[in-house]
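# What the coordinates show
Residue strings, one per chain:
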Amino acid sequence: MMTGRICATFVVPFGCSVVSLSNKRVLGRSFIKNRSLCLKRQDPRMSKMEFDEEEVKKICQLAQVQVSKEELKQFASDFNSIVQLIKKMDRLDLSGTEAAEYVIEAHNKLREDIPKNFQERDALFDNAPAFTQGFYQVPKILEDTQHSEN
Amino acid sequence: MFWRSSCAFFSCPTCRPTWRRNWKRPKRTTRTRILSQHTVHISTVIKRQLADVDNSSVLAIAENFKRGEWKAVDIVMEYLQRIHEMDKVLSAFLSVDAERALYKAQLLDEKWDKGEHLGPLAAVPVAIKDNLCTKGMVTTAGSKMLETFVPAYDATSVARLEAAGAIILGKTNMDEFGMGSSTELSGFHPSKNPWDPSRVCGGSSGGSAGAVSSGMAPFALGSDTGGSIRQPASFCGISGLKPTYGRVSRFGLIAFSSSLDTVGPMACSVAELATIFQILAGRDPMDPTSWSEAAPYSDILHRKGALDLKDVKLGVVDIFSSSLEENQVNDVMRCFLDSIRVFTKLNAQVVSISLPYLEEALAAYYVIAPSEASSNLARFDGVRFGSRQEASHISELYQKSRGLGMGAEVKRRMITGTFALSSGYYDAYYRKALRVRQCIIGQFEDLFRQVDVILCPTTPCAAFELGERMGGDPVKMYREDVLTIPPSLAGLPALSIPMGFDANQLPLGLQLIGNRQGEDLLFRVGHAFQMATDWHRQRPPIYRQYVQSSVTKSSS
């Protein structure tokens, strides 16, 4: 699951500081605050099949995606029909079946510990919306107790 | 006449050369000098020759270039002209880089003059789906979130094609981040089907399929997660391959669902797919999920007796008992039964099998894919790349950038995935979906003990109209993938080839599913079918009109 944000395919070797919030932390804080979601989580079998706009809004907050009021209405009904679809999995008898965690039998491949430099480092920073003196500029991160619930 | 057409060409917004940051302009040649080297006579001759179906295949172009009959610049100019004429109707391309293509073509011409070694795809133009990173070319994955993103490296599959001598024409349209089955869900504009521009071209590799089908590119690269190569190939009447998971490197592919994504070629015939596949496949140290002990690919297409399928057992899916919707077009049944008769004539043994868990596989896919997508798309936060909105706080930055940069379908899938992975629901949904997946894998293992290749239609219907599945229930769109999802879940290779037309003259596709690493047998069976039929040689009306008008223009 999400444990932190990592760069798509490259780790920038040195020199720039990436400040990003782990989603898990936001997840944790949101769960503590929202008791109704906690109750549902304790017994998912008793959870109702219908999800209303409030619950969909909470999931949007977990996913850190802002939705407008019109979109929220549409998403609530779409989400319900998607849940109807995915409930069809219950028709199968899965006793004795393991979860397919890996599609291929892959093992960690080791290589020689020879450092390489990525030559196009500056091109990576060209894509940044706001970048100065080796740092990605972002707005305020701390003092966020009021803001993270909006 | 040539100058007039070239001026119009360069003032066309689709094909006007784009300027890229940090790209060093070659000092030696300018645009005008490249154009001035060619005469009206040569461009007309190559136009007529390329109009012929046999001459415009990947192999024929490479062959003609190596023999010296055509210059690479002429080939590229002709394809750029086709894009200029046809893309205003079809909108298959998101960006076309004419200057880069012509520059590479000129380099190849110089290499040919000096007698240097040329790759197997030398001078063959290619269209790349926009979720594959191309160094120096804007790569958007069909989303406004990445509208200005320019990668600093090439995807491995792109790098391998470039090393083989292929010339990238441009990036094709796709559903946003690969989520969709019609290319209407692109963040920019929908792409139209070359066979009927009022219909969709399928998705998510719809732009690539449209480009190949209409002749705007001899072949294209696409990506397949749940049918995204096979379904548009079926809708547009071309051949598309989804390789075994791990056989082609995923490095540089903007990830949608990491355990399901594959990169594959799309072309007009299976023989071309086989050539391209040999270049793309192989271990890549940059992709930890690429097969390390890949079975050596044997070029069995040209072996003696390859077209006689007497040692091949084909499993035909009994679609009457499978859980498809009742209003399945009879045309699909008719074409499918005709295809089975063709295989019987080729001496293949045909056995009836059933795939009983289609609905459950669909359900599992629509838990696993959105879950993995919700994780993979967490990187698009507006901090290091992508579009960013003004915000006073970091959470607001994430929420606003993602909310405004991503489309409705992407948000729907992220909501589904976040829900399925959230604490308390993880076992009930995601873990259960993984067990269903294991069930499907086991089912296919049992089937492949009895048969060599499985046959079924690629899609339950032909291309639907633009806007038909939009709005209302999203599950209507999801059901398009019901036949393509099971092999994706099991990581098996699958090939879609044209098998006929429906009552509205729209193409239908036949899907061949092979065992793990069994692409060579798939190519053999598909090639044998295409030698016995000519569905793959049909071209859409828009292409025939282009050929007609360009030939009359040149002779006037």
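As named in an unreviewed UniProt entry, chain B is Glutamyl-tRNA(Gln) amidotransferase subunit A, mitochondrial, taken from Galdieria yellowstonensis. In its Subcellular location (unreviewed entry) section, the UniProt record describing chain B reads: "Mitochondrion". As recorded by UniProt, the Sequence similarities (unreviewed entry) comment attached to chain B reads in full: "Belongs to the amidase family. GatA subfamily."

Under an unreviewed UniProt entry, the name given to chain A is Glutamyl-tRNA(Gln) amidotransferase subunit C, mitochondrial, and the source organism is Galdieria yellowstonensis. Within the UniProt record for chain A, the comment given under Catalytic activity (unreviewed entry) is "L-glutamyl-tRNA(Gln) + L-glutamine + ATP + H2O = L-glutaminyl-tRNA(Gln) + L-glutamate + ADP + phosphate + H(+)".

### With respect to the overall build of chain A
Looking only at helices and strands, chain A has five helices and two strands in total. Burial status across chain A gives 38% buried among its 150 residues. Within chain A, contacts between residues separated by at least 24 positions form 53% of all contacts whose residues are at least 6 apart in sequence. By element, 51% of the accessible surface of chain A is carried by carbon and sulfur atoms, the whole surface being about 10300 Å².

### Overview of the interface of chain A and chain B
Opposite the 78 residues of chain A that make contact, chain B presents 82 residues. Summing both sides of the interface, chain A and chain B together bury roughly 7100 Å²; the carbon and sulfur share of this comes to 65%. The three residues of chain A that bury the most area against chain B are A:Met89, A:Val103 and A:Asn127, which together make up 10% of that side's buried surface. Linking chain A with chain B are six salt bridges. At the surface where chain A touches chain B, the tally comes to 19 residue pairs in polar contact (both at pLDDT 80 or more). Elements with a minimum of two residues in the side of chain A that touches chain B: α1 (23-33), α2 (35-42), α3 (53-62), α4 (69-86) and α5 (121-126) of chain A.

### Considerations on the nonpolar core
All names here are of chain B. Among the nonpolar cores identified, the biggest contains 108 residues, and Leu-161, Phe-219, Phe-343 and Phe-523 are the most heavily contacted of them. Residue contributions to this core peak at 10 residues, all from helix α5 (residues 72-90). Looking at this core, you find at least three residues from each of domain 1 (30-299 + 538-547) and domain 2 (303-532). Ignoring anything within four residues of it in the chain, the contact list for Phe-523 reads Leu-241, Val-270, Leu-273, Ala-274, Phe-277, Tyr-297, Leu-301 and Leu-495.

### Overview of the UniProt feature "active site" (unreviewed entry) in chain B
All names here are of chain B. UniProt tags Lys-129, Ser-204 and Ser-228 as "active site" (unreviewed entry). What stands out for the annotated residues spanning 100 residues is how close their C-alpha atoms remain, the widest pair being 11.1 Å apart. Ser-204 gets classed as buried once you look at its relative accessible area, which sits at 1%. Ser-204 has contacts with Lys-129, Asn-173, Met-174, Asp-175, Gly-178, Gly-180, Thr-183 and Ser-228, leaving out every residue within four places of it along the chain. One polar contact links Ser-204 to Lys-129, side chain to side chain, over a distance of 2.9 Å. Position of Ser-228 relative to the elements: it lies in the loop between β6 (219-224) and α9 (230-236). Look past the residues within four positions of Ser-228 in its chain and what remains in contact with it is Lys-129, Gly-178, Gly-203, Ser-204, Ser-205 and Ser-223. There is a polar contact of 3.1 Å between the side chain of Ser-228 and the side chain of Ser-204.

### Overview of the pattern of salt bridges
Pairs can form between side chains of opposite charge whenever their charged atoms are close. All names here are of chain B. All chains considered together, the criterion is met by 30 salt bridges over all chains. Here Arg-537 and Asp-54 are joined by a salt bridge, their closest N and O atoms 2.8 Å apart. Of this pair, Arg-537 sits in the loop between α18 (519-532) and α19 (541-555) while Asp-54 sits in the loop between α3 (40-51) and α4 (58-67); the two residues are 483 residues apart in sequence, bridging distant segments of the chain. Judged by its relative accessible area of 36%, Arg-537 is partly exposed.

### Focus on the state of the cysteines
Applying the stated criterion to the full structure yields zero disulfides over all chains. The structure places no disulfide on B:Cys236, whose sulfur is separated from the nearest cysteine sulfur, that of B:Cys201, by 5.1 Å.

### Brief notes about the packing of α3(A) against α4(A)
For any two helices packed against each other, one specifies the inter-axial angle together with the distance between the axes. Residues and elements named next belong to chain A. Running from N to C, α3 and α4 point in directions that differ by 100°, and their axes come no closer than 9 Å. Judged by the angle between their axes, α3 and α4 are roughly perpendicular. Touching Glu-53, Val-56, Lys-57 and Ile-59 of α3 are Leu-72, Lys-73, Phe-75, Ala-76 and Phe-79, all from α4. Tallied by class, the residues present in the contact of α3 with α4 amount to six nonpolar, no polar and three charged.

### Notes on the sheet that holds strand β9 (residues 313-317) of chain B
Residue and element names in this part refer to chain B. Spatially, β1-β3-β2-β6-β8-β7-β12-β13-β11-β9-β10 is the arrangement adopted by the 11 strands of the open sheet, whose pairing is mixed. Either end of the sheet is taken by a strand with one partner, and the two such strands are β1 (93-96) and β10 (349-353). Recorded for the sheet is a direction-independent mean angle of 30° between the axes of neighbouring strands. With five bridges connecting them, strand β11 (residues 453-457) and strand β13 (residues 507-514) associate as antiparallel partners. Within β13, the residue paired with Cys-456 across the bridge is Gln-511. On the sheet, helix α10 (residues 270-280) packs against β6, β7 (239-242), β8 (262-267) and β12 (494-501) and is oriented at approximately 145° with respect to β8.

### Concerning the confidence of the model for chain A
Residue and element names in this part refer to chain A. Of the residues in chain A, 63% have a pLDDT of 70 or more, and the chain-wide mean is 70. Element-level mean pLDDT values for chain A span from 39 in α1 up to 92 in strand β2 (residues 135-136). Note on residues 1-47: pLDDT is under 50 here. Beyond four places in sequence and across chains, it has 77 contacts.

### Regarding the environment of B:Asn330
By the element assignment, B:Asn330 lies in helix α11 (residues 330-345). The class of B:Asn330 is exposed, set by a relative accessible area of 62%.

### Regarding α5(B)
With 19 residues, α5(B) ought to run about 27 Å at 1.5 Å a step, and its terminal C-alpha atoms sit 25 Å apart, in line with that. Looking one or two residues beyond α5(B), the residue adopting positive phi is B:Ser91, at roughly 50°.

### Focus: unusual backbone geometry
Trans is the prevailing form of peptide bonds, just as negative phi is the prevailing case for residues other than glycine. Note the cis peptide between B:Gly203 and B:Ser204, where omega equals 5°. Note on placement: B:Ser204 falls in the loop between β5 (196-200) and α8 (206-213). Phi at A:Gln133 is positive, roughly 50°, even though this residue is not glycine.

### A word on the environment of B:Phe235
Residue and element names in this part refer to chain B. As for its placement among the helices and strands, Phe-235 is situated in helix α9. Remark: the alpha-carbon pair of Phe-235 and Ile-454, spanning 219 residues in sequence, is separated by 20 Å. Those residues in contact with Phe-235, other than ones at most four positions away along the chain, are Asn-193, Trp-195, Val-200, Cys-201, Gly-202, Thr-459, Cys-461, Ala-462, Ala-463, Phe-464, Glu-480 and Pro-507.

### Some points on the domain arrangement of chain B
Residues and elements named next belong to chain B. Partitioning chain B into domains gives domain 1 (30-299 + 538-547) and domain 2 (303-532). Here the C-alpha centre of domain 2 lies 22 Å away from the C-alpha centre of domain 1. Between domain 1 and domain 2, the contact holds 65 residues from the first and 67 residues from the second. Counting each side, the surface lost to burial between domain 1 and domain 2 is near 5200 Å², with a carbon and sulfur contribution of 60%. Area buried by domain 1 at its contact with domain 2 is led by Met-145, Arg-199 and Arg-230, which between them contribute 15% of it. Summed over the shared surface of domain 1 and domain 2, the result is two salt bridges. Counting across the interface, domain 1 meets domain 2 through 35 residue pairs in polar contact (both at pLDDT 80 or more). When contributions to the side of domain 1 that touches domain 2 are tallied by element, the ones reaching two or more residues are β4 (192-193), β5, α9, β7 and α10. Considering every element that reaches the side of domain 1 that touches domain 2, the biggest residue donor is α9, with six residues. Looking at the side of domain 1 that touches domain 2, its residues break down into 31 nonpolar, 22 polar and 12 charged.

The rules behind these values
Residues numbered from 1 in each chain as written. Chains lettered and ligands numbered in written order. Predicted model: local features only at pLDDT ≥ 70, side-chain atom pairs only at ≥ 80, totals over all residues. Heavy atoms only, no water. UniProt positions renumbered as here; feature names shortened; annotations may be inferred. Helix = DSSP H or I, 4+ residues; strand = E, 2+ residues; numbered from the N terminus. Buried < 20%, exposed > 50% of the residue type's maximum accessible area, 1.4 Å probe, protein only. Contact = heavy atoms within 4.5 Å. Areas by Shrake-Rupley, 256 points an atom, 1.4 Å probe, with all protein chains shown as cover. Buried area = accessible area lost by both parts, 1.4 Å probe. Salt bridge = Lys/Arg side-chain N within 4 Å of Asp/Glu carboxyl O. Polar contact = N/O pair within 3.5 Å; in protein donor to acceptor, adjacent residues only side chain to side chain. Core = buried A, V, L, I, M, F, W, Y, C linked by side-chain atoms within 4.5 Å. Domains from an automatic or database assignment. Disulfide = S-S within 2.5 Å. Axes fitted to C-alpha atoms, helices over the stretch in contact; angles between N-to-C directions. Parallel < 35°, antiparallel > 145°, perpendicular 65-115°, else oblique. Nonpolar A, V, L, I, M, F, W, Y, C, P; charged D, E, K, R; others polar. Pairing = 2+ DSSP bridges. pLDDT = per-residue confidence, 0-100. Expected span 1.5 Å × (residues − 1).

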